[in-house]
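Architecture at a glance
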Amino acid sequence: MDFDKLNSKEYIIIKNARVHNLKNLSVAIPRNKFIVITGLSGSGKSSLAFDTLYADGQRRYVESLSSYARQFLGRMSKPEVDYIKGIAPAIAIEQKVNTRNPRSTVGTSTEVYEYLKLLYARIGKTFSPKSGQQVKRHKVSDVTDFILNLEENTKVQVLAPIELENGRNLKEHLNILRQQGFSRVFQNNKVIKIDEILEESASFTNKDLFILIDRLLVKNDDEDLKNRIADSVQTAYYEGRSNCFIYYENDSGSKIVNFSNKFELDGIEFEEPNVNFFTFNNPFGACKTCEGFGSIIGIDPELVIPDKSLSVYDGAVACWKGEKMGEWKEALVLNAYKFEFPIHTPYYKLTEGQKELLWTGNEYFEGIDAFFKHVEEQTYKVQYRVMLSRYRGKTECPECKGTRLRSDANFVKVAKKSISELVLMPINQLLEFFKNIELDEYDKAVSKRLLMEITNRLQFLNDVGLGYLNLNRKSNTLSGGESQRINLATSLGSSLVGSMYILDEPSIGLHPRDTKQLIGVLLKLRDLGNTVIVVEHDEDIIRAADEIIDIGPMAGMNGGELVFQGNFEKLRKEEKSLTAQYMNGKKKIEIPKVRRKWNDFIEINGAQENNLKNIDVKIPLNIMTVITGVSGSGKSSLVKTVLFPALKKRFGGFSGKSGKYSKINGDINRISEVEFIDQNPIGRSSRSNPATYVKAYDEIRSLFAEQQLAQIRGFKPGYFSFNVAGGRCDVCEGDGTVKIEMQFMADIQLTCEACNGSRFKEEVLDIKYKDKNISDILDMTINQAIDFFSEPEKTSTLEKRIVAKLKPLQDVGLGYLGLGQSSSTMSGGEAQRIKLAYFLSKGTAATPTLFIFDEPTTGLHFHDISKLLDAFNALIKNGHTVLIIEHNTEIIKSADWLIDLGPEGGNQGGNIVFEGIPENIVNCKTSYTGKFLTGKL
């Protein structure tokens, strides 16, 4: 293909890309099409999509900005490429959770909550919690209309109440009123002249005493009457401090009516709705107890009632034990018959009302809340302080119930719903609410544009498979795939055109059933007039692409070449491409010949967290169990929120608050530890890398410290560390890059000018081992490092230890990673597999461990999944147990035991659809997983 002759209006042309492992790769990407870039893990997909295309798009964008931004361009390196033509404004949507801000929620990050706040500020109606009546401010026009609607010839008196102030007595006040031009007052339905009151020696009180502002007669044909009433009412409001009374008399009788231009009702003054009133990130709108975080440090119910299978009589309330504290339990047990409290019923079977009663108490006994109040009053005694600390933890805020808003914000309603009720609804239900919302004509007109924006954004969130989330969900609790799909939905909501969207595996966390919806969203993004480029391994997404670009043929140094470009039909006929070979069935991951049998298990009883429907689940030990189900079916709630924290607490650790369940029993003594291997970055800083995580770098530092020049200069192993001061570069502190903070833009990472990215001082780089300095070693891939340290026939003990610690990384398919590659540049799946390699490097364990994996196939090509399965089998062979949350059909079909949750997501999920071996799930008609496994087994 002659790239120089291609039209840059029709193609994005990349000529001779050399970024990372790309080998002078040239490719023409059709514009305004749906493109999938695929290939083995580490073949160069991300190097092409993100480090070449997106990096150059970002650089060109900065070039168009102010001189402040452009001052850094001399230091921003261009991607190593001859040229890129036809590039469009680039938007990268990666699978990283972009925020750790505890205040950020799904609602705020998608901007839906911003529109909700505006909606409630514009058309929200405030209702009194006492009477349930709507709170209104009476305008002058309201009072005028009231008077004009009275019967013809009705006598009306406009009155203002008299309130004394500043120690003034009544006569002094009346004197001032007379000086202001008022001549009469009104009391007990009589008009009295002020002069008469002042002349009388008897003292008057201001009780039920009003200033007479005006007297008038209702005449329908009087054109000037309306203006006169309005002026009088305005004066009454001023003199009566926002209160005006209307006394009227006609043939039907007489009556006095109070009007107020204060926003109050039932003796309560309310705040008028405004945007800040519904903003939990603003002190004005935030809950005063938790300051807008939704949680506080308080008494943790999980610690107070750890075993929910026990009844109150059997000791469910852990703090009511012993002779002294047992008196509180005894008070309940002895009086329970008076209010029919079931003291012999397990706690998890109590109704919500009965649980509430146990905590709050009544006239017959004092509840758990009163008990801890008593303990707090006794904290001058050491034993009471110890007891209080034992039951403290991070709990839901009791005032706002986790919604973060001040309590009176919930008095404001739209279509009979408060804003807190809406943010707690699953998005799919919230979408239906707004599609069918009933408003009057005025509110419809005011909110028309807002409702359109809210409905569109909710529709996009639902379309990308996130209908089971709610808007109150914290952003930092989302998985990488969920975070990416939220960013995708936000981009769709902004309706940009003519842009280049680059996505990194958007199918992460999606069940095959939900992938079709995602494909529809991506095609919609394309149809708006955008170029959509997706780095992906999912078979359905590859099939749906307009153009497939396959990079390979292998990973690392053996990749970086264009293996194939064309549509799916052409791909199936391709011979060289590993992707094609797995697509057309020439290669495949074999089904295990024998499923492992199991006898020992851990059983969870009464799991009720989020949408779980009080289910009982057995987790087999010493085999590979896969928990699957559609997105939002309850997998994470069961494993991450219930099982893991509960077991961690049993083994003396802490991993956050445990979800709701009755009890956990079974053969727990058969394991000694539980490890949750998630997709969070490895290490504590961006300096963390594969070598440091698997402890291989400790041996490498020791090796360099043994070199002759290092010993002459007195360099100890610590001098070769980039984590502590000494031999590392003082400017970048061992990062190799410096971060430039850009106003209103993403921060820019630039190569450190002091060390040129080597991380170390010159005197450290002088020390060499086999002609390589410490920076050269860190620049090697894991595969290269293993070859380098295995080369000589006389391999030292240190070198053997280095190879032994690096080998598990190669075994899990990460040989292409750089030895010193920063943790901040790795995908969630890569970080997860590095953690897996670390545990594999430990060998046979004396402490059998339950390993929990969350979507370990993230970022893996078909060819790499077989290596991952080998790693899982190695863990089981070493005496461990593997439990996996997964949607990938290759992993599901390879499981020894399947647990399928569902059948749907959100409120329609949370049930066990199937338990058994994979061969039997295809016969389960209610299982979506079974339908997608048909033909695979």
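Refer to the structure above for everything that follows.
Remember, predicted model here, so these are calculated numbers, not experimental data.

A separate point is the sheet that holds strand β23 (residues 601–607). Taken together, three strands build an open sheet; the order of strands is β24-β23-β26 and the sheet is antiparallel. In the strand order of this sheet, the two ends are held by β24 (615–620) and β26 (663–666), each with one partner. For this sheet, the mean inter-axis angle between neighbouring strands, taken without regard to orientation, is 20°. With five bridges joining them, β23 and β24 adopt antiparallel strand pairing. Looking at β24, one finds that I602 is bridged to I619.

Another aspect to go through is the sheet that holds strand β2 (residues 25–30). Strand order in the open sheet formed by three strands is β2-β1-β4, with antiparallel pairing between adjacent strands. Looking along the sheet, the strands with just one partner apiece sit at the ends: β2 and β4 (83–85). Taking the axes of each pair of neighbouring strands and ignoring which way they run, one obtains an average angle of 5° across the sheet. Examined bridge by bridge, strand β1 (residues 11–17) and β2 share five bridges and lie antiparallel to one another. Directly across from I14, in β2, lies its bridge partner V27. Sitting on the sheet, helix α1 (residues 45–63) is in contact with β1, β2 and β4, with an inclination near 110° to β1.

Moving on, we come to the pattern of salt bridges. For the structure on display, the rule yields 35 salt bridges. Of the charged contacts, one joins R801 and E699 as a salt bridge, the two residues approaching to 3.2 Å between their closest N and O atoms. Within this pair, whereas R801 is found in helix α29 (residues 797–811), its partner E699 is found in helix α24 (residues 696–705), the two being separated by 102 residues in sequence. You can call R801 partly exposed: its relative accessible area is 39%. Given the relative accessible area of 10%, E699 is considered buried. Ionic pairing is found between D811 and K807, a salt bridge with its closest N-O pair at 3.2 Å. Residue D811 and its partner K807 are located together in helix α29, separated by four residues, close to a single helical turn.

This brings us to the packing of aromatic side chains. Under the criterion given, the structure shown has 36 aromatic pairs. Ring centres of F433 and F434 lie 5.2 Å apart, and the angle between their planes is 80°; this geometry places the pair in the edge-to-face category. With a centroid separation of 5.0 Å and 75° between ring planes, the pair formed by W598 and W897 is classed as edge-to-face. Separated by 299 residues along the polypeptide, W598 in the loop between α21 (578–583) and β23 and W897 in strand β34 (residues 897–902) bring together distant segments of the chain. With relative accessibility at 24%, the residue W598 sits in the partly exposed group. On the accessibility criterion, W897 (19% relative accessible area) is buried. Three or more aromatic residues joined by ring pairs make a cluster, and in this case those are F704, F715, Y719, F720, Y769, F788 and F789. The ring of F293 is capped by R103, whose NZ or CZ atom sits 4.0 Å from the centre of that ring.

We now examine empty space enclosed by the protein. A probe as big as a water molecule, rolled over the atoms, marks out the empty space that is left. With the rule as written, the count across this model stands at two cavities of 30 Å³ or more. Counted as a void, the largest cavity has a volume near 40 Å³. Surrounding the largest cavity, G39, L40, D550, I551, G552, P553, V563, K576, S577, L578 and T579 form its lining. Secondary-structure elements contributing two or more residues to the lining of the largest cavity are β21 (547–552) and α21. Looking at the lining of the largest cavity element by element, the count peaks at three residues for β21. Here the residues of the lining of the largest cavity sort into five nonpolar, four polar and two charged. If you add up the space inside the second largest cavity, you get close to 30 Å³. Around the second largest cavity, the lining residues are G629, V630, D900, L901, P903, V913, T926, S927, Y928 and T929. Among the residues forming the lining of the second largest cavity, the class breakdown is five nonpolar, four polar and one charged.

The rules behind the values
Residues numbered from 1 in each chain as written. Predicted model: local features only at pLDDT ≥ 70, side-chain atom pairs only at ≥ 80, totals over all residues. Heavy atoms only, no water. Pairing = 2+ DSSP bridges. Helix = DSSP H or I, 4+ residues; strand = E, 2+ residues; numbered from the N terminus. Axes fitted to C-alpha atoms, helices over the stretch in contact; angles between N-to-C directions. Contact = heavy atoms within 4.5 Å. Salt bridge = Lys/Arg side-chain N within 4 Å of Asp/Glu carboxyl O. Buried < 20%, exposed > 50% of the residue type's maximum accessible area, 1.4 Å probe, protein only. Phe/Tyr/Trp six-rings, centres within 6.5 Å; stacked < 30°, edge-to-face > 60°. Lys NZ or Arg CZ within 6 Å of the ring centre and 35° of its normal. 1 Å grid on protein atoms, 1.4 Å probe; cavity = no way out; pocket = protein on both sides within 12 Å on 5 of 7 lines; lining within 4 Å. Points joined across faces, edges and corners; volume = space filled by probe spheres on them. Nonpolar A, V, L, I, M, F, W, Y, C, P; charged D, E, K, R; others polar.

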